[in-house]
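The primary structure of each chain is shown beneath.
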Amino acid sequence: MEQKLKIVVDSAIPFLEGVLEPYAEVVRRPGREIVAREVRDADALIIRTRTRCDEGLLSGSRVRFIATATIGFDHIDLDYCRAAGIRVATAAGCNARGVLQWVSGVLALLSRREGWHPRERTLGIVGVGHVGSLVKHYAEQWGFRVLCCDPPREAREHLGFLPLEEVASEADLLTFHTPLDETTYHLCDEKLLERLPRKAVVLNASRGEVVDERALLGSDHPFALDVWEHEPDLCPPLLARALVSTPHVAGYSLQGKANATALSIRSLARHFGLPLATWYPAAVSPTTAREISWEEMCSTIFAYFDPEAESERLRSHPEAFEQLRDGYTYREEYF
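Residues numbered from 1 in each chain as written. Predicted model: local features only at pLDDT ≥ 70, side-chain atom pairs only at ≥ 80, totals over all residues. Heavy atoms only, no water.

J.: When you look at the packing of aromatic side chains in this model, what are you seeing that I'm missing?
T.: What describes a pair of aromatic rings is the distance from one ring centre to the other and the angle between the planes of the rings. Taken as a whole and judged by the stated rule, the model has 12 aromatic pairs. For the pair W116 and W294, a centre-to-centre distance of 6.2 Å together with 25° between the ring planes defines the contact as stacked. Here W116, found in the loop between α4 (96-114) and β6 (122-126), pairs with W294, found in helix α12 (residues 294-300); they are 178 residues apart in sequence, far enough to count as distant. Like W116, the residue W294 is buried in the burial classification. Aromatic side chains Y304 and Y334 sit 3.9 Å apart centroid to centroid with 10° between the ring planes, which places their arrangement in the stacked category. One end of the pair, Y304, is in the loop between α12 and α13 (307-316); the other, Y334, is in the segment after α14 (321-326), and 30 residues separate them in sequence. For Y304, a relative accessible area of 33% corresponds to the partly exposed category. By relative accessible area, Y334 is classed as buried at 12%. (Phe/Tyr/Trp six-rings, centres within 6.5 Å; stacked < 30°, edge-to-face > 60°. Helix = DSSP H or I, 4+ residues; strand = E, 2+ residues; numbered from the N terminus. Buried < 20%, exposed > 50% of the residue type's maximum accessible area, 1.4 Å probe, protein only.)

Pasting the structure below:
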């Protein structure tokens, strides 16, 4: 008799109840509690960023497939997985519109507070992948002067993207949408911050370590952060100074979460030959992308994402970072 698959799943991943049970033994655990003894006899893992997948977790296990329901993969030792014959699948692009919504909300809030219109501001975008491309598209439509930096894409595609130092020197707002690797660790450091115009605002919804928090604290620049260098342990002075502070939920839209879970299930289904290759949560309607004017966005965005209220929630209870994140009410994407 063929042995039933065993799949260990991060219990915070939504929409999975009953989906895999007809085909596998499913074990649910909080991400930080997925440890070596739990995965030793597992065939596959479906995880988030809270589970570090490396030799310490995987050595001696029978795991042959890992799906991460995230766009980032810096929590996975890809070299080890490759050498061990473990296939890794990400959910690249799943929550791009959710992060666009976060950036839009921050821009709308800053515009309201400071009294500017997009045509009066230069927006620098660092990282022009799934998220950065969406931010670029809408920002240009809204009237921002947009400058982009993405060295890997520029090397491949010759799109006219600019060096980081040039973008920073002209940006009134600088938003980061890069993966985390050896080339992007502390990409925003003291030298870069010194290049920014006075009062230029730094936005980070990529990975906390992309921004050097000590350098940020030592500068006069305002900032909006969704990700933190040492999360869930936040730096109190940094939290106190942030214009916007959210607990790593920029991509936590309803559709973004549905997309992430669906991509993970579909990848796993293809790998193991399960009849779920087109699965999508029945309870969620995929987003219909549409254009939206700056005026309409500013008049509607706070009903979906209220940066002030969410920032106050985290400032009041920084010790509850993980609970705020795991218990977050997913936002609806509407453009």
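J.: What is the right way to read the confidence of the model for the protein chain from this model?
T.: Low-pLDDT stretches of the model should not have their predicted coordinates read in fine detail. Averaged over all residues, the pLDDT of the protein chain equals 97, while 99% of them reach at least 70. Within the protein chain, no element has a lower average pLDDT than α14, which sits at 94, and none a higher one than β6, at 99. (pLDDT = per-residue confidence, 0-100.)

J.: What's the story with the pattern of salt bridges in this structure? I'm lost.
T.: Side chains that differ in sign of charge can pair as their charged atoms come close. This model, assessed by the stated rule, comprises 20 salt bridges. Two residues, E38 and R29, come together in a salt bridge whose shortest N-O distance is 3.0 Å. According to the relative accessible area criterion, R29 is partly exposed, its value standing at 28%. Of the charged contacts, one joins E140 and K136 as a salt bridge, the two residues approaching to 3.2 Å between their closest N and O atoms. (Salt bridge = Lys/Arg side-chain N within 4 Å of Asp/Glu carboxyl O.)

J.: Is there a simple way to think about the sheet that holds strand β10 (residues 223-225) in this case?
T.: Where strands meet in a sheet, backbone hydrogen bonds hold them as pairs that are either parallel or antiparallel. As summarised here, the arrangement of the six strands in space is β7-β6-β8-β9-β10-β11, forming an open sheet in which the pairing is parallel. Bordering the open sheet on either side are β7 (145-149) and β11 (244-245), each of which pairs with just one other strand. One ladder, built from four bridges, connects strand β8 (residues 173-176) with strand β9 (residues 201-204); its direction is parallel. Residue pairing in the sheet places L173 in a bridge with V201 of β9. With respect to the sheet, helix α5 (residues 130-142) is in contact with β6 and β7, its orientation differing from that of β6 by roughly 165°. (Pairing = 2+ DSSP bridges. Contact = heavy atoms within 4.5 Å. Axes fitted to C-alpha atoms, helices over the stretch in contact; angles between N-to-C directions.)

J.: Teacher, can you tell me more about the sheet that holds strand β1 (residues 5-10) here?
T.: Read from one edge to the other, the open sheet built from five strands follows the order β2-β1-β3-β4-β5, with strand pairing classed as parallel. Lying at the two open borders of the sheet, with one neighbouring strand each, are β2 (24-29) and β5 (87-89). Averaged over all neighbouring strand pairs, the angle between strand axes comes to 15°, with direction disregarded. Lying on the sheet, helix α11 (residues 254-272) is in contact with β1, β3 (44-47), β4 (65-68) and β5; it crosses β4 at an angle near 165°.

J.: Help me out: how do you make sense of unusual backbone geometry in this one?
T.: Glycine aside, the phi torsion of most residues is negative, and most peptide linkages are trans. Note the cis peptide between E231 and P232, where omega equals 10°. Among the secondary structure elements, P232 is positioned in the loop between β10 and α10 (236-241). The phi angle at H186 is positive, at roughly 55°, despite the residue not being glycine. Take H186: its relative accessible area is 18%, and that puts it in the buried class. Here K199, not a glycine, exhibits a phi torsion of approximately 70°, which is positive.

J.: What am I meant to see in the pairing of β7 here?
T.: Within β7, four of the five residues are buried, which leaves it mostly tucked inside the rest of the structure. Handedness of the crossover joining β6 and β7 through α5: right-handed. (Right-handed = clockwise from strand over helix to strand, strands pointing away.)

J.: I'm lost on the environment of N204 in this one. Help?
T.: As for its placement among the helices and strands, N204 is situated in strand β9. Remark: the alpha-carbon pair of N204 and F176, spanning 28 residues in sequence, is separated by 5.1 Å. The residues touching N204, leaving out its near neighbours within four places in the chain, are W102, F176, V210, V211, A224, L225, D226 and V227. There is a polar contact of 2.6 Å between the side chain of N204 and the side chain of S206. One polar contact links the side chain of N204 to the main-chain carbonyl oxygen of R207, over a distance of 3.1 Å. (Polar contact = N/O pair within 3.5 Å; in protein donor to acceptor, adjacent residues only side chain to side chain.)

J.: Would you take a moment to explain the pairing of β9 for this structure?
T.: Each regular strand displays side chains that alternate between the two surfaces of the sheet. Going residue by residue along β9, you find V201 and L203 tucked away on one face and V202 and N204 tucked away on the opposite face as well. In this fold, β8 hands off to helix α8 (residues 190-195), which returns the chain to β9; that crossover is right-handed. With three bridges connecting them, β9 and β10 associate as parallel partners. For N204, the partnering residue across the bridge sits in β10 and is L225.

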